[in-house]
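Below, each chain spelled out in residue letters.
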Amino acid sequence: MLDNPTLRKLTRNTLSIYLSFIVRKFSALILGIAIARISSTEDFGLYCLSLVLIELGIRLAVFGSNILVVRDISAGLPDSVMLVRNTFGWRILASVLIYPAIIIIGATMAHSSLLIWVLAVMGIGMIMEIMADLFFSVVQGMERVDMFALAEGTYNLVGLSVGLVALHLGFGRSHEAGFQFGTVGEVAGGEDDAAASQDCVA
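Just so it is clear, the model here is predicted, and its values are computed rather than measured.

Visitor: Can you help me understand the overall build of the protein chain in this one?
Guide: If you tally the helices and strands in the protein chain, you get seven helices and zero strands. Taken over 202 residues, the protein chain has a buried fraction of 38%. Sequence separation of 24 or more characterises 76% of the internal contacts of the protein chain that already satisfy a separation of 6 or more. Roughly 12000 Å² of accessible area belongs to the protein chain as shown, and the carbon and sulfur atoms make up 70% of that amount.

Now the structure itself:
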């Protein structure tokens, strides 16, 4: 049964997708825990607000175009190249409009210089993800699921590494706090802050 080429391809693609999914969730979990451990309750709330605004910006820029790209490329439609070009142009325009918009919205919702600084930096990552998402869709449309899983997994691991290094160097902290992985429960702000941070992560 495993000698069937279609079945082997299906099995390989399914495992690749699951592995990519695990890497993505694991990266988000580790980074969330790291942020929670060095943040006060107020700072972590600002991080959560930043993530919501960034995710909203990504959804507005993508606007369902991933499915169209995958469908047209996989079906071999002659206008698929034009669709990719138009989608690329739209995402550049959307990024230029959304980037300052989320900073303005964040500044309006919470008058915090920390939030504005975090949104300004995370917004750059948002633009990179918006453009990377198009590449992932093209690869999926070409039915190179293994390449898609490898590219997305690498992207998430690089993002995790950059995030941890930035936190270690003190990015986004409004006060001094130790970056500790070894001692459980030693969170900046005390036990109440730790409980609130865990609720936000959950």
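Visitor: Looking at this model, I keep getting lost on the pattern of salt bridges. Mind explaining?
Guide: Side-chain pairing between opposite charges can occur once the charged atoms of the two side chains come close. Taken as a whole, this structure holds three salt bridges when the rule is applied. Notably, a salt bridge pairs Glu152 with Arg24, separated by 3.2 Å at the nearest N-O pair. Of this pair, Glu152 sits in helix α6 (residues 145-168) while Arg24 sits in helix α1 (residues 5-38), and the two are 128 residues apart along the sequence. Here Glu152 falls in the buried class, since its relative accessible area comes to 12%. One salt bridge connects Arg59 with Glu55, and the closest N-O pair in it is separated by 2.6 Å. Of this pair, Arg59 and Glu55 both sit in helix α2 (residues 41-62), four residues apart, which is roughly one turn of the helix. Of the residues examined, Arg59 reaches a relative accessible area of 48% and is grouped as partly exposed. Glu55 gets classed as partly exposed once you look at its relative accessible area, which sits at 34%.

Visitor: Please clarify how a nonpolar patch on the surface should be interpreted in this entry.
Guide: Taken together, the side chains of Phe63, Trp90, Leu93 and Leu97 present a nonpolar region at the surface, about 470 Å² in accessible area. Among the structural elements, Trp90 can be located in helix α4 (residues 80-109). Residue classification places Trp90 among the partly exposed residues on the basis of a relative accessible area of 38%.

Visitor: What's the story with the nonpolar core in this structure? I'm lost.
Guide: Soluble globular proteins tend to pack their nonpolar side chains together in the buried interior. Within the largest apolar cluster, 27 residues are counted, with the highest numbers of intra-cluster contacts made by Ile102 and Met126. Sorting elements by how many residues they give to this core places α2 first, with 10 residues. When sequence neighbours within four positions are dropped, the list of residues in contact with Ile102 reads Leu53, Ile54, Leu119, Gly123 and Met126.

Visitor: Could you clarify how one ought to interpret α4 in this entry?
Guide: It helps to recall that an α-helix has 3.6 residues per turn; residues three or four apart then point in one direction. The end-to-end C-alpha separation of α4 is 41 Å, in line with the 44 Å expected for 30 residues at 1.5 Å each. Taken as a whole, α4 has its buried residues at Ser80, Leu83, Thr87, Arg91, Ala94, Ser95, Ile98, Ile102, Ile103 and Gly106. For α4, the secondary structure elements touched by its buried residues are α2, α3 (65-75) and α5 (113-141).

Visitor: Any chance you could explain the packing of α5 against α6 here in plain terms?
Guide: In contact at an axis separation of 9 Å, α5 and α6 are set at 165° when each is read in the N-to-C sense. Considered as vectors, α5 and α6 are oriented roughly antiparallel to each other. Handedness of the crossing formed by α5 with α6: right-handed. Note on element contacts: α6 touches α5 through Met147, Phe148, Ala151, Glu152 and Tyr155, opposite Gly125, Met128, Glu129, Ala132, Phe135, Phe136, Val139 and Gln140.

Visitor: Where do I start with the confidence of the model for the protein chain in this structure?
Guide: Low-pLDDT portions of the prediction should not be read for the details of their coordinates. For the protein chain, mean pLDDT is 76; residues scoring 70 or higher make up 82% of the total. Here helix α7 (residues 191-201) stands out as the element of the protein chain with the lowest mean pLDDT, 46, in contrast to α4, whose mean of 91 is the highest.

Visitor: Explanation requested: the packing of α3 against α4 in the structure shown.
Guide: Running from amino to carboxyl end, α3 crosses α4 at an angle of 160°, the nearest separation of the two axes being 9 Å. Here α3 is positioned roughly antiparallel relative to α4, judged by the angle of their axes. Our pair here, α3 against α4, has a crossing hand that is left-handed. Contacts between α3 and α4 pair Ser65, Asn66, Leu68, Val69, Asp72 and Ile73 from the former with Ser80, Leu83, Val84, Thr87 and Arg91 from the latter. Considering only residue class, the contact of α3 with α4 consists of five nonpolar, four polar and two charged.

Visitor: Teacher, can you tell me more about the environment of Leu150 here?
Guide: Positionally, Leu150 belongs in helix α6. Spatially, the C-alpha atom of Leu150 lies 9.0 Å from that of Leu19, the residues being 131 residues apart in sequence.

Parameters and conventions
- Residues numbered from 1 in each chain as written.
- Predicted model: local features only at pLDDT ≥ 70, side-chain atom pairs only at ≥ 80, totals over all residues.
- Heavy atoms only, no water.
- Helix = DSSP H or I, 4+ residues; strand = E, 2+ residues; numbered from the N terminus.
- Buried < 20%, exposed > 50% of the residue type's maximum accessible area, 1.4 Å probe, protein only.
- Contact = heavy atoms within 4.5 Å.
- Areas by Shrake-Rupley, 256 points an atom, 1.4 Å probe, with all protein chains shown as cover.
- Salt bridge = Lys/Arg side-chain N within 4 Å of Asp/Glu carboxyl O.
- Patch = residues over 30% accessible without salt bridge, like charges linked within 9 Å, V, L, I, M, F, W, Y side chains within 5 Å.
- Core = buried A, V, L, I, M, F, W, Y, C linked by side-chain atoms within 4.5 Å.
- Expected span 1.5 Å × (residues − 1).
- Axes fitted to C-alpha atoms, helices over the stretch in contact; angles between N-to-C directions.
- Parallel < 35°, antiparallel > 145°, perpendicular 65-115°, else oblique.
- Left-handed = near helix turned anticlockwise from the far one by under 90°.
- pLDDT = per-residue confidence, 0-100.
- Nonpolar A, V, L, I, M, F, W, Y, C, P; charged D, E, K, R; others polar.

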